[in-house]
Amino acid sequence: MTDRQKKIRNFCIVAHIDHGKSTLADRIMEKTGQVSERDMKEQLLDSMDIERERGITIKLTPVRMFYKHKGEEYTFNLIDTPGHVDFTYEVSRSLAACEGAILIVDATQGVEAQTLTNVYLALDNNLEILPVINKIDLPSAQPEKVIAEIEDVIGIDAHSAPLISAKDGTNIEQVLDMIVETLPCPSGDEDAPLKALIFDSVYDNYKGAVCNIRIKDGKVSAGDRIRFMSNGKEFDVTEVGVFSPNMQPVDILRAGDVGYLCASIKNVKDTSVGDTITKTDDPAKEPLHGYKKVQPMVFAGIFPADGSKYNDLRDALEKLNLNDAALIFEPENSIALGFGFRCGFLGLLHMEIIEERLEREFDLDLITTAPSVSYIVTKTDGTQIEIDNPSKLPQATEIERIEEPIVRAHIYTPPEYVGAIMELCQEKRGVYINLTYLDKSRVQIEYRMPLSEIVYDFFDNLKSKTRGYASLDYELDGYNPDDLVKLDILLNGDVCDALSVIVHREQAYARGRMIAEKLKDVIPRQLFEIPIQAAIGNKVIARETVKALRKDVLAKCYGGDITRKKKLLEKQKEGKKRMRQVGNVAIPSEAFMTILKFDGK
Amino acid sequence: MQNAGLYIHIPFCEKRCNYCDFFSSTNKDLLDRYVDEVSSEIKRVSERFPAKIETIYLGGGTPSLLSLGHLDKIFSAIHSSFTVESKETTIEVNPNSSEKLSEYPKFGIDRVSIGIQTLDPVLLKKIGRLHTPEEGIDALVRAGDSFDNVSADLIIGLDKNQDVESDVNAIAPYCTHVSGYMLSVPKKSQIAKMIKEKEFFPASDDQTVDQYDVLTDTCRMLGFYRYETSNFAKLGKEGIHNGNYWAMHPYIGIGPSAHSYFGGIRYYNENDMKKYLSGCHSGNEKEKIERKYSVEDEITETIMLSLRTAKGIDIKAFNKKFDADFLHKYEKGIDAVRKYVSVTKNRLYILPKYFSVQNQVILSILTH
């Protein structure tokens with residue numbers, strides 16, 4: 001280990017959502033003089049508007065800082081991590097770029113689902129954990145209890161954990177000193193062949209794909225020819241640098257350093273998170289372990305509310321894709337919604353974020369279909385296909401078996417909600433695995449359950465049944481066959497493809513009834529009566545009727561003032577533009593969304 | 001010289017009705033000044049829009065609040081400014097200010113429209129009318145003594161149990177024309193507040209349409225045919241002035257918030273009594289011109305207005321006026337509503353059954 005390496009600390013901060021991760025990051029940067037207070041926006045690391053508004057981190061932003069401790073100057077590389085289950089893989093790769101992790105626990109909340117998930121991920125990556133108790137300024141703070149909980153539940157020593165308030169800056173220096181004293185410095189051989197871990201990549205209009213990297217072994221400079229070990233693609237390095245927090249070029253990055261690398265890479269897809277970069281002239285024998293290709297878990301159709309905006313939507317998705325290789329999309333043509341895209345996401349939050357960015361950054365009005373998972377369908381002829389779009393499911397007679405993705409769900413809750421949660425899990429076809437009392441006030445419940453149930457309304461249900469106290473985490477755990485059917489919705493006798501869903505046969509009746517009832521409320525009355533039917537194959541299982549419209553007339557035009565009438569007509573015309581035509585039935589865009597919404601029933 | 005209708009707006013009322021959000025003043029002291037300004041607007045506007053006046057309509061508000069002196073001034077102004085060859089001169093009359101009915105013919109007024117609204121005493125009170133059912137009938141009877149053309153205004157949809165049939169039966173012997181309007185609830189009206197505070201319970205849309213069907217049927221049985229969405233007449237007693245609105249004939253509006261359609265352009269005076277009294281109106285070229293008024297607007301209006309009438313669109317006239325092929329231009333839209341309209345080479349009209357959903361039919365024609 002070189003003297004240079006001894007003065008480096010690479011760390012991240014892990015926490016449950018809202019426990020104060022970004023605020024602590026901001027304070028650390030402030031105290032190390034990295035950012036002048038005047039320039040600071042709240043949550044500086046979270047550079048996207050959505051991140052700042054929702055208080056969540058989506059993109060990983062590293063930052064380099066300097067801290068003087070006992071007369072010596074240390075380099076801190078703080079790597080922020082996303083705090084959501086959708087991005088578990090990204091979290092694990094950014095953890096792999098560090099030697100230590102600051103574990104923030106909210107002094108009023110204690111250990112939560114993501115605290116544990118992230119701590120276990122950190123421990124898996126052999127990180128040294130520095131526990132920190134936050135929000136001690138709040139009257140309901142119980143630091144002693146939380147320290148005991150950390151020791152009991154996680155099994156790490158938390159007695160010397162700094163008690164801080166990231167909000168008002170209490171005891172931040174203590175955290176900085178402990179980073180130096182307790183977190184290990186990076187090891188790694190500067191003279192070995194290059195092994196650089198990609199823990200994130202972003203697209204820059206001028207530089208192309210920018211890889212955020214941690215050098216594990218060796219060194220890299222501009223001019224080196226490099227190879228991505230997962231796909232074998234080679235590039236010439238044009239620039240290496242560090243984050244301060246903006247990109248700042250340097251001559252060389254060496255083992256232990258965190259920085260970025262550009263090589264005129266046109267497509268961010270070539271720079272997969274978790275991949276290893278090496279040099280072509282002296283390549284590493286083995287890549288760093290832990291690389292996997294990220295697979296989307298949740299799928300939905302996204303359509304422009306105004307059909308003529310299809311090209312705008314495509315351009316917007318392509319732009320987002322530059323920065324977000326996890327987003328996949330392909331053109332889809334729906335009878336009801338026209339031309340749009342079938343998109344794959346890491347999870348529900350990822351989907352929401354993409355939708356929101358499309359609407360906000362690209363000013364698009366969207367219609368999104370019900371999120372679906374990807375099913376493995378075995379046909380009677382023995383062939384297997386993957387189906388992520390319910391309307392593409394083959395005829396029931398051609399299907400031998402349908403398998404659906406299953407997750408292992410971990411739910412953390414105060415004990416009083418155990419009954420309600422178990423009931424909910426059973427209802428959602430969960431299979432009980434385990435129940436552990438973490439301490440007197442916290443229980444961990446484990447279930448195996450279909451991902452489609454989680455994607456549907458499990459989380460909202462869980463929150464409402466436990467008044468928001470329970471937290472959920474899950475990971476994919478294989479596929480299971482089940483009695484799954486396609487539920488179609490017919491409007492005035494015509495199937496509306498965008499409303500089809502794949503459900504368990506036993507739930508089909510309740511779902512069909514619910515969708516029909518909701519549609520009845522959102523489809524406006526029209527010139528003729530509209531039957532709404534839910535059907536499995538040819539069998540109708542629920543029916544509602546939208547009665548024919550009887551009154552739509554302006555009675556009077558006072559004194560030749562026809563402007564009122566014309567205005568109304570113009571308004572109706574606009575409204576009609578936002579309607580979708582299925583057969584001869586006009587359906588408002590909202591109809592496609594409302595049926596997805598959890599209504600607390 | 002172009003033929004035109006002349007509308008004189010009298011935005012003064014004893015008391016504003018609860019269902020009304022139209023501009024009106026209850027300050028009768030302003031009436032003298034107002035009539036002077038109206039006379040001046042008439043004079044000036046006649047220079048800008050020289051026209052042969054075929055119909056005159058005094059609407060409101062409550063034109064029957066005008067004194068005979070006021071009427072004299074207004075009609076003198078009209079006759080000294082315009083060429084008048086009146087086919088119809090109408091004044092709106094409220095039963096509680098109907099004492100001058102017999103005096104009106106001397107101004108050339110040959111038609112009265114009386115605001116009966118309903119003969120249900122409880123509903124009359126609730127909607128803020130100042131007359132009783134008896135006074136309503138009495139006004140109609142007296143109107144018949146002086147006029148061959150008497151119209152009665154009714155409002156339906158006031159209550160789910162409103163007895164429209166008995167109202168129509170009661171007024172029919174004394175009038176030649178019935179206007180039946182469905183209650184509309186303007187957001188800022190008193191009645192909107194009353195509904196919110198659960199003091200007033202109007203009929204539902206479906207109930208209102210049921211009452212509209214009763215109105216139509218009762219009228220038909222009594223010899224009043226529906227020639228327009230809200231208007232029923234004995235044959236030959238159709239309102240000419242209003243008919244011209246639907247036919248997109250030119251008209252000139254006098255008074256604040258009055259609209260004009262002349263030379264293919266729509267004008268309107270601001271809805272502001274103060275400004276009006278200080279001379280801000282079409283006579284002084286200070287009125288507003290409807291912006292972005294295009295041929296397409298005119299086409300839309302033509303379709304929208306003519307489909308209010310029983311006769312519907314005169315396709316030949318349409319094609320000639322706009323140098324277009326109506327049936328071709330709207331082929332898809334017409335196809336979509338074929339069940340709801342009758343269409344021949346010369347005429348397209350909405351079937352009587354679907355009058356109450358005409359906006360949908362019009363929309364379909366226009367947006368396909």
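Owing to the predicted nature of the structure, the values given are computational and were not obtained by experimental measurement.

1. Some remarks on the overall build of chain B
Then step 1. Broken down by element type, chain B carries 14 helices and 15 strands.
Then step 2. In terms of C-alpha radius of gyration, chain B reaches 21 Å, essentially the compact-globule figure of 21 Å for 368 residues.
Then step 3. Put simply, of all contacts in chain B between residues at least 6 apart along the chain, 70% involve residues at least 24 apart.
Then step 4. Carbon and sulfur atoms make up 49% of the accessible area of chain B, which totals about 15,800 Å².
Then step 5. A gap of 4 Å separates the mean positions of the 46 positive and 50 negative side-chain charges of chain B.

2. Focus: the confidence of the model for chain A
Do not read the fine detail of predicted coordinates wherever pLDDT is low.
Then step 1. Looking at chain A, pLDDT values average 87 and 93% of them are 70 or higher.
Then step 2. Confidence drops under a pLDDT of 50 for residues 36-46 of chain A, and excluding neighbours within four residues, the segment shows 33 contacts in the predicted structure.

3. What about the interface of chain B and chain A?
Then step 1. Facing 41 residues of chain B, the contacting portion of chain A comprises 26 residues.
Then step 2. Carbon and sulfur atoms supply 59% of the area buried between chain B and chain A, which totals about 3,400 Å² over both sides.
Then step 3. If you look at where chain B meets chain A, you find six salt bridges.
Then step 4. Here Lys551 of chain A makes a salt bridge to Asp205 of chain B, at a shortest N to O gap of 3.8 Å.

4. Quick word on the packing of aromatic side chains
All names here are of chain B.
Then step 1. Under the defined criterion, the tally for this structure stands at 22 aromatic pairs over all chains.
Then step 2. Ring geometry for Tyr251 and Tyr261: centres 6.2 Å apart, planes at 45°, overall tilted. Taken together, the positions of Tyr251 in strand β9 (residues 251-254) and Tyr261 in strand β10 (residues 259-262) put the pair 10 residues apart, joining distant regions of the chain.
Then step 3. With relative accessibility at 4%, the residue Tyr261 sits in the buried group.

5. Points about the domain arrangement of chain B
All names here are of chain B.
Then step 1. Assigned domains within chain B: domain 1 (2-245) and domain 2 (295-367).
Then step 2. Each of domain 1 and domain 2 has a C-alpha centre, and these two points are 28 Å apart.
Then step 3. Listed per partner, the contact involves nine residues of domain 1 and eight residues of domain 2.
Then step 4. Considering only the side of domain 1, the residues that lose the most area to domain 2 are Arg226, Glu228 and Thr229, jointly responsible for 59% of the buried surface there.
Then step 5. Across the domain 1-domain 2 interface, the total number found is one salt bridge.
Then step 6. Between Arg308 and Glu228 there is a salt bridge whose closest N-O contact spans 2.5 Å.
Then step 7. At the surface where domain 1 touches domain 2, the tally comes to five residue pairs in polar contact (both at pLDDT 80 or more).
Then step 8. For the side of domain 1 that touches domain 2, the secondary structure elements donating two or more residues are α7 (205-221) and β7 (225-228).
Then step 9. Looking at which element gives the most residues to the side of domain 1 that touches domain 2, the answer is β7, with three residues.
Then step 10. The residue makeup of the side of domain 1 that touches domain 2, split by class, is five nonpolar, two polar and two charged.

6. Considerations on the side chain of Asn231 of chain B
Residue and element names in this part refer to chain B.
Then step 1. Its location among the elements puts Asn231 in strand β8 (residues 231-233).
Then step 2. Separated by 2.6 Å, the side chains of Asn231 and Ser179 make a polar contact.
Then step 3. Among residues more than four places away in sequence, those in contact with Asn231 are His177, Val178, Ser179, Tyr181, Tyr225, Arg226 and Trp246.

7. Observations concerning the nonpolar core
Then step 1. Leu519 of chain A together with Ile8, Val112 and Ile252 of chain B are the most contacted members of the largest nonpolar core, which has 137 residues in total.
Then step 2. When residues in this core are grouped by element, the largest group, six residues, is from helix α1 (residues 31-48) of chain B.
Then step 3. Phe345, Met351, Leu451 and Leu472 of chain A belong to the second-largest nonpolar core, a separate cluster that totals 47 residues.

8. Things to note about unusual backbone geometry
Then step 1. Following Gly60 of chain B, the chain continues into Gly61 of chain B via a peptide bond in cis, with omega recorded as 15°.
Then step 2. Note on placement: Gly61 of chain B falls in the loop between β2 (51-60) and α2 (68-81).
Then step 3. Even without a glycine there, the phi angle at Lys70 of chain A is positive, about 50°.
Then step 4. Mapping Lys70 of chain A onto the fold places it in the loop between β2 (62-69) and β3 (72-79).
Then step 5. What makes Lys70 of chain A exposed here is its relative accessible area of 72%.
Then step 6. Located in the positive-phi region is Asn171 of chain A, a residue other than glycine, with phi close to 60°.

9. Description of the sheet that holds strand β5 (residues 128-134) of chain A
All names here are of chain A.
Then step 1. Across the sheet, which stays open at both edges, the five strands sit in the order β2-β3-β1-β4-β5 with mixed pairing between neighbours. Here the strands that pair on one side only, and so sit at the sheet edges, are β2 and β5. Strand-to-strand twist in this sheet, taken as the mean axis angle between neighbours without regard to direction, amounts to 30°.
Then step 2. As paired elements, β2 and β3 share eight bridges and run antiparallel to each other. Bridge assignment links Met65 to a residue of β3, and that residue is Phe76.
Then step 3. The strands touched by helix α5 (residues 113-124) are β1 (8-14), β4 (100-106) and β5; relative to β4, the strand with the most contacts, the crossing angle is about 165°.

10. Side note on the packing of α1 of chain B against α2 of chain B
Residue and element names in this part refer to chain B.
Then step 1. Contact pair α1 / α2: the axes reach a minimum separation of 9 Å and the direction vectors enclose 5°. Compared by their axis directions, α1 and α2 come out roughly parallel. In contact with Leu31, Asp32, Val35, Asp36, Val38, Ser39, Ile42, Lys43 and Ser46 of α1, α2 contributes His70, Lys73, Ile74, Ala77, Ile78, Ser80 and Ser81.
Then step 2. Here the contact of α1 with α2 is built from residues that sort into seven nonpolar, five polar and four charged.

11. A short note on the pattern of salt bridges
Then step 1. A full pass over the atoms with the stated rule returns 53 salt bridges over all chains.
Then step 2. For Arg448 of chain A, the salt bridge identified is with Asp477 of chain A, shortest N-O distance 2.9 Å. With Arg448 of chain A in strand β24 (residues 442-450) and Asp477 of chain A in strand β25 (residues 471-481), the pair connects residues that are 29 residues apart, well separated along the chain.
Then step 3. Note that Asp335 of chain B is salt-bridged to Arg338 of chain B, the shortest N-O span being 3.0 Å.
Then step 4. Judged by its relative accessible area of 47%, Asp335 of chain B is partly exposed.
Then step 5. One salt-bridge network, in which partners are shared between bridges, spans Arg225, Arg227, Glu234 and Asp236 of chain A.

12. Describing the side chain of His70 of chain B
Residues and elements named next belong to chain B.
Then step 1. Mapped onto the elements, His70 comes out in helix α2.
Then step 2. For His70, a relative accessible area of 11% gives the class buried.
Then step 3. Of the polar contacts made by the side chain of His70, one reaches the backbone nitrogen of Ser67; its length is 3.0 Å.
Then step 4. When sequence neighbours within four positions are dropped, the list of residues in contact with His70 reads Leu31, Asp32 and Val35.

13. Comments concerning the environment of Phe362 of chain A
Residues and elements named next belong to chain A.
Then step 1. With respect to the element layout, Phe362 can be found in the loop between α9 (348-361) and β19 (366-368).
Then step 2. What makes Phe362 partly exposed here is its relative accessible area of 25%.
Then step 3. Between the C-alpha atom of Phe362 and that of Met1, which follows or precedes it by 361 residues, the distance is 49 Å.
Then step 4. The residues contacting Phe362, other than those within four sequence positions of it, are Ala316, Lys319, Leu320 and Arg357.

14. Some remarks on the environment of Gly255 of chain B
Then step 1. Considering the arrangement of structural elements, one finds Gly255 of chain B in the loop between β9 and β10.
Then step 2. Remark: the alpha-carbon pair of Gly255 of chain B and His281 of chain B, spanning 26 residues in sequence, is separated by 7.6 Å.

15. So, the state of the cysteines
Then step 1. All chains considered together, the criterion is met by zero disulfides over all chains.
Then step 2. The thiol of Cys12 of chain A is unpaired, and the distance to the nearest cysteine sulfur, on Cys98 of chain A, comes to 4.0 Å.

16. Structural notes on the packing of helix α13 (residues 563-577) of chain A against helix α14 (residues 358-367) of chain B
Then step 1. Look at α13 of chain A against α14 of chain B: their axes get within 10 Å of each other, and the N-to-C directions meet at 60°. Pair α13 of chain A / α14 of chain B crosses with right-handed handedness. Residues Lys565, Leu568, Leu569, Gln572, Lys573 and Lys576 of chain A of α13 of chain A form the contact with α14 of chain B, whose participating residues are Gln358, Asn359, Gln360, Ile362, Leu363, Ser364, Leu366 and Thr367 of chain B.
Then step 2. Within the contact of α13 of chain A with α14 of chain B, the residues separate by chemical class into five nonpolar, six polar and three charged.

17. Here's the deal with helix α4 (residues 88-96) of chain A
Residue and element names in this part refer to chain A.
Then step 1. With respect to burial, α4 is a largely interior element, eight of its nine residues being buried.
Then step 2. Among all positions in α4, only Tyr89, Glu90, Val91, Ser92, Arg93, Ser94, Leu95 and Ala96 are buried.
Then step 3. Taken together, the buried residues of α4 touch β1, β3, α5, β6 (195-204) and β7 (208-217).

Conventions and cut-offs
Residues numbered from 1 in each chain as written. Chains lettered and ligands numbered in written order. Predicted model: local features only at pLDDT ≥ 70, side-chain atom pairs only at ≥ 80, totals over all residues. Heavy atoms only, no water. Helix = DSSP H or I, 4+ residues; strand = E, 2+ residues; numbered from the N terminus. Rg over C-alpha atoms; globule rule 2.2 N^0.38 Å. Contact = heavy atoms within 4.5 Å. Areas by Shrake-Rupley, 256 points an atom, 1.4 Å probe, with all protein chains shown as cover. Lys, Arg positive; Asp, Glu negative; His and termini not counted. Charge placed at Lys NZ, Arg CZ, Asp CG, Glu CD. pLDDT = per-residue confidence, 0-100. Buried area = accessible area lost by both parts, 1.4 Å probe. Salt bridge = Lys/Arg side-chain N within 4 Å of Asp/Glu carboxyl O. Phe/Tyr/Trp six-rings, centres within 6.5 Å; stacked < 30°, edge-to-face > 60°. Buried < 20%, exposed > 50% of the residue type's maximum accessible area, 1.4 Å probe, protein only. Domains from an automatic or database assignment. Polar contact = N/O pair within 3.5 Å; in protein donor to acceptor, adjacent residues only side chain to side chain. Nonpolar A, V, L, I, M, F, W, Y, C, P; charged D, E, K, R; others polar. Core = buried A, V, L, I, M, F, W, Y, C linked by side-chain atoms within 4.5 Å. Pairing = 2+ DSSP bridges. Axes fitted to C-alpha atoms, helices over the stretch in contact; angles between N-to-C directions. Parallel < 35°, antiparallel > 145°, perpendicular 65-115°, else oblique. Disulfide = S-S within 2.5 Å. Left-handed = near helix turned anticlockwise from the far one by under 90°.

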